[in-house]
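Secondary and tertiary structure notes
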Amino acid sequence: MEVMADVYDTRDILKPLVFRLHENAPAIVREVLLERGWTEFDQKEQDDTDWNLYWRNSPFRMTDHHSIKPWQRLNHYPEAVRITRKDYLARHLKRMKGAYGSALYEFSPVAFIMPNDYVKFIAEYSKERQSVGRRPSYWICKPVDLSRGRGILIFQDIKDLVYDCTVIVQKYISNPLLISGYKLDLRLYVCVTSFCPLTIYIYEEGLVRFATEKFDLGSLDNVYAHLTNTSINKYGASYKKYKEGIGCGCKWTFSKFRSYLRIFGVDDLLLWQKINNIVILTLLAVTPLPVASNCFELFGFDILIDDEFKPWLLEVNYNPALCLDCSIDDTVKRRLLHDIVELLNYKEIDTLRQNEMTGSKAVRRRVPWRTAGLSTPEEDPGLLTCWKVATSSSASPVQPALQAARESIHKVASLTKKTVRARPRKTLTSQLREKMNRPKTSSQAKTEDKNKLPAVHYPCSSAQLSHWLPTPDFHNCKISTHPYFLSDKDQRPIRRVGDFVLIFPFNEAALQASRDGTDVKSIIKEINKLVSKQLLSKQQNTKKGVGYLTSV
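Right, let's walk through the structure included here. Nothing here was measured: the structure is a model prediction, and the numbers come from that model. Residue numbers restart at each chain and count upward from 1, following the sequence in its written direction. Where totals are concerned, whole chains, interfaces and linings use all residues; where local detail is concerned, this predicted model gives features only for residues with pLDDT of at least 70, and gives and counts side-chain atom pairs only at 80 or more. Hydrogens are left out, water is left out, and the side-chain values use all remaining heavy atoms of the structure.

**A word on the overall build of the protein chain**
In plain terms, the rule: Each helix is a run of H or I in the DSSP string that is no shorter than four residues. Each strand is a run of E no shorter than two, and both are numbered from the N terminus. Summary of the burial criterion: residues with accessible area below 20% of their type's maximum are buried, those above 50% are exposed, and those between are partly exposed, where the area comes from a 1.4 Å probe applied to protein chains only. By definition, residues are in contact when any of their heavy atoms lie within 4.5 Å.
Counting its regular elements, the protein chain contains 15 helices and 19 strands. Out of the 552 residues belonging to the protein chain, those deemed buried represent 52%. In the protein chain, 68% of the contacts between residues at least 6 apart in sequence involve partners at least 24 apart.

**Re the sheet that holds strand β5 (residues 111–114)**
Quick note on the threshold: Following DSSP output, two strands are said to pair if at least two bridges run between them. Structural elements are reduced to axes, namely lines fitted to C-alpha atoms, with helices fitted over the stretch in contact, and the angle between N-to-C directions of any two is expressed from 0 to 180 degrees.
Pairing is antiparallel across the open sheet formed by four strands, whose spatial order is β5-β8-β6-β7. Whereas interior strands pair on both sides, the edge strands pair on one side only; in this sheet they are β5 and β7 (153–155). Taken over all neighbouring pairs, the strand axes of this sheet differ in orientation by 25 degrees on average, direction set aside. Of the pairings in the sheet, the one linking β5 to strand β8 (residues 167–171) comprises four bridges and is antiparallel in character. Each residue of the ladder has a partner; that of Ala111, found in β8, is Gln170. Across the face of the sheet, helix α3 (residues 86–100) comes into contact with β5, β6 (139–143) and β8 while running at roughly 135 degrees to β5. Contacting β5, β6, β7 and β8, helix α4 (residues 118–130) crosses the sheet at an angle of about 135 degrees to β5.

**With respect to unusual backbone geometry**
Of note, the bond from Cys196 into Pro197 is cis; its omega dihedral lies within 30 degrees of zero at 0 degrees. When you line up the elements, Pro197 lands in the loop between β10 (182–195) and β11 (198–203). Here the amide bond leading from Phe504 into Pro505 is cis, since omega sits at 5 degrees, within 30 degrees of zero. The residue Pro505 is located in the loop between β19 (500–504) and α14 (508–513) in this model.

**Some details on the sheet that holds strand β3 (residues 53–55)**
Read across the open sheet, the four strands follow the order β2-β1-β3-β4; overall the sheet is parallel. Where the open sheet ends on each side, the last strands, each with one partner, are β2 (39–40) and β4 (73–74).

**Overview of the layout of surface pockets**
Selection rule: We place a 1 Å grid over just the protein atoms. Points where a 1.4 Å probe fits but has no way out form a cavity, open points with protein on both sides within 12 Å along at least 5 of 7 lines form a pocket, and any residue with an atom within 4 Å of a point lines it. Grid points are joined across faces, edges and corners, and a volume is the space filled by probe spheres set on the points.
Of the volumes computed, that of the largest pocket is approximately 980 Å³. Contributing to the lining of the largest pocket are 48 residues, with Ser147, Arg148, Asn229, Glu315 and Asn317 lying nearest its centre. Sorting the residues of the lining of the largest pocket by element identifies β6, β8, β10, β12 (207–210), α6 (230–233), β14 (297–305) and β15 (311–318) as the ones contributing at least two each. When residues of the lining of the largest pocket are assigned to their parent elements, the largest contribution, six residues, is made by β15.

**Focus on the nonpolar core**
So the rule is basically this: For the purposes of this section, nonpolar cores are sets of buried Ala, Val, Leu, Ile, Met, Phe, Trp, Tyr and Cys residues that join through side-chain atoms within 4.5 Å.
One finds Leu186, Ile200, Phe257, Leu283 and Phe299 to be the most contacted residues of the largest nonpolar core, which totals 63 residues. Examining the composition of this core, we find that nine residues originate from one element, helix α8 (residues 269–284), more than from any other. Those residues in contact with Phe257, other than ones at most four positions away along the chain, are Leu177, Ile179, Leu184, Leu186, Val208, Trp252, Trp272 and Ile305. Leu21, Ile28, Leu33 and Leu322 belong to the second largest nonpolar core, which has 30 residues in total.

**Points about the pairing of strand β1 (residues 18–21)**
The two faces of a sheet get side chains in turn, since along a regular strand they alternate between them. Bridge analysis of β1 against β2 gives two bridges, and the strand direction is parallel. Residue pairing in the sheet places Phe19 in a bridge with Glu40 of β2. The pairing of β1 with β3 spans three bridges and is classified as parallel. When the sheet's bridge partners are listed, Arg20 is paired in β3 with Tyr54.

**Details of the state of the cysteines**
Selection rule: Cysteine sulfur atoms are paired as a disulfide whenever they come within 2.5 Å of each other.
Under the counting rule described, the total for this entry stands at zero disulfides. In this structure Cys250 is a free cysteine whose sulfur lies 6.9 Å from that of Cys326, the closest cysteine sulfur available.

**Quick notes on α4**
Formally: The span expected for a helix works out to 1.5 Å for each residue beyond the first. The arc in question is formed by the directions pointing from the helix axis toward the C-beta atoms.
Here α4 is 13 residues long and its end C-alpha atoms lie 18 Å apart, about the 18 Å a rise of 1.5 Å per residue gives. Within the sequence span of α4, burial applies to Phe121, Tyr125 and Glu128. Down the axis of α4, the buried set is contained in an arc of 65 degrees. They therefore lie on one face. In this structure, α4 carries Val119, Lys127 and Gln130 as exposed residues pointing more than 90 degrees from its buried face. Contacts from the buried residues of α4 go to β5, β6, β7 and β8.

**Examining the packing of helix α1 (residues 27–35) against helix α9 (residues 327–344)**
Put simply, the test is: Note on angle classes: values under 35 degrees are labelled roughly parallel, values over 145 roughly antiparallel, values of 65 to 115 roughly perpendicular, and the remainder oblique. Two helices crossing with the near one rotated counterclockwise from the far one by less than a right angle form a left-handed crossing, whereas a clockwise rotation gives a right-handed crossing.
Where α1 meets α9, the closest approach of the two axes is 10 Å, and the angle between their N-to-C directions is 60 degrees. In terms of their interaxial angle, α1 and α9 are classed as oblique. Once α1 is placed against α9, the crossing between them reads as right-handed. Within the contact between the two elements, α1 uses Ile28, Val29, Glu31, Val32, Leu33 and Glu35 and α9 uses Lys333, Arg334, Leu337, His338 and Val341.

**Thoughts on α9**
The terminal C-alpha atoms of α9, which comprises 18 residues, lie 26 Å apart, in line with the 26 Å expected from a rise of 1.5 Å per residue. For α9, a buried count of 14 out of 18 residues is recorded, marking the element as mostly surrounded by other parts of the structure.

**Let's talk about the packing of aromatic side chains**
The test is simple: Only centres within 6.5 Å qualify two rings of Phe, Tyr or Trp (six-membered ring in Trp) as a pair; their planes then separate them into stacked at under 30 degrees, edge-to-face at over 60, and tilted for everything else.
Tallied over the full model, the rule gives 17 aromatic pairs. Ring centres of Phe121 and Phe155 lie 6.4 Å apart, and the angle between their planes is 75 degrees; this geometry places the pair in the edge-to-face category. Taken together, the positions of Phe121 in helix α4 and Phe155 in strand β7 put the pair 34 residues apart, joining distant regions of the chain. Using a relative accessible area of 0% as the deciding quantity, one classes Phe121 as buried. Residue class for Phe155 comes out buried when judged on its relative accessible area of 1%.

**Some remarks on the side chain of His65**
Structurally, the position occupied by His65 is in helix α2 (residues 62–66). When its relative accessible area of 5% is taken as the criterion, His65 is described as buried. Here His65 is in contact with Phe60, Leu74, His76, Tyr77, Pro78, Ala292 and Cys295, once residues within four sequence places are set aside.

**Here's the deal with the environment of Asp164**
Mapped onto the secondary structure, Asp164 falls in the loop between β7 and β8. With 49 residues separating them along the chain, Asp164 and Pro115 place their C-alpha atoms 9.6 Å apart.

None of the figures reported here should be taken as evidence of function without further support.
Given below as structure tokens:
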């Protein structure tokens, strides 16, 4: 009697993706990954290599980078602190300014690293004091390795400068853009998926952070009027109070800020173009970092806008805060983390893990690669996501044959040398993940293509922002695969994933200059061309009567 065994696919034997968190990792990272159907790494039950994402607040050891597996990702690059420590950043920007001119790198005030630069600072301070007709100069002093506004001092008279550690002193921007009298800055999220070739994504949504008391140069010691850090302002007396024009708390989203500017007739496109340039030029200052694969880095760029609508780089943050102090934090940061996972393309990474774990003991069927918001080739030969158990014949009854088929499947799973844990409770997210990985019939594929949405924000869908960040200008751009797997000259980074928009490389010449070792000189040349176009556009808009905000 010939018996056909049940057909099983990978979903019956494969475990969900696994994340590993170091102590003090943000709680929202765990929440988001669990929402997506992932499981947390258990050192007692799983092998040391059986994880897909390792997230920690501190840098990884080089041995961690050297032992990384193809299916794993680390959330830090080695030596990323080159731009996140204030003194390191100052030195790199100074070097780039000397090499490529001050015109491009005038977005950061000159910094004096104390105590080494004390004599130079005194000379500059005296020069400013003796200048006739100039507005009074103010200075800001920051410890080089502290965050969240700790240890910051703003002063006008040098006798007030006191420090007991390495600090940087810079000109204080005393003419910030104000809304209803309150100072603000922007927390911009930037994800670098590769430093070689350099691949930079900027997040369209972000946080506008307000001081909670009105700006006043007459009270330089009032941190609630001069600092925008939430970690400081949430303890202020005015934090929970309604503030005219601002509301309660101290945060807006970028989308609200942009809408507010346009109410006043402000064309803010040039502002965001300038901010993109700042991000690219800053990251070029530390490129290339030591060679490391399977890493990404989420930076927090703090940008201040002055009353002439010029953006200034304040600092770059390593491990930008992911704590949830208010509902706006939850809205922005939760979606940010979901989009980071989509950007890392874990559906393809999981395939690498499963292929490594199971070897070649099965007949495999291929399914199309589906990534949120992306058109994809009909079939990718590298993506092997479903297993098919070969049919067998036997004279035994049906039940023993089926049992034998099940046992053969579990033998394949046992190659991992781990006990297969129970599958997690079915959730909307896990069901959606299974549905996305399930092979589709031709009729289903046609229906899906007809009804395909421009993007999926997993697991919950929300209205897209209008796309106000310029997209890269690739002529005849052919998207072949993910930035992690760039190798062929025909391949391009994905231009958009969720609310992450590719800002570098921004054209074909920049793409070529970032391969086989970053050609900074050629990239700077392309950026100069880009800036010239932006300035021309500004002049044309000025002639048409398009306004730029000087006060609100």
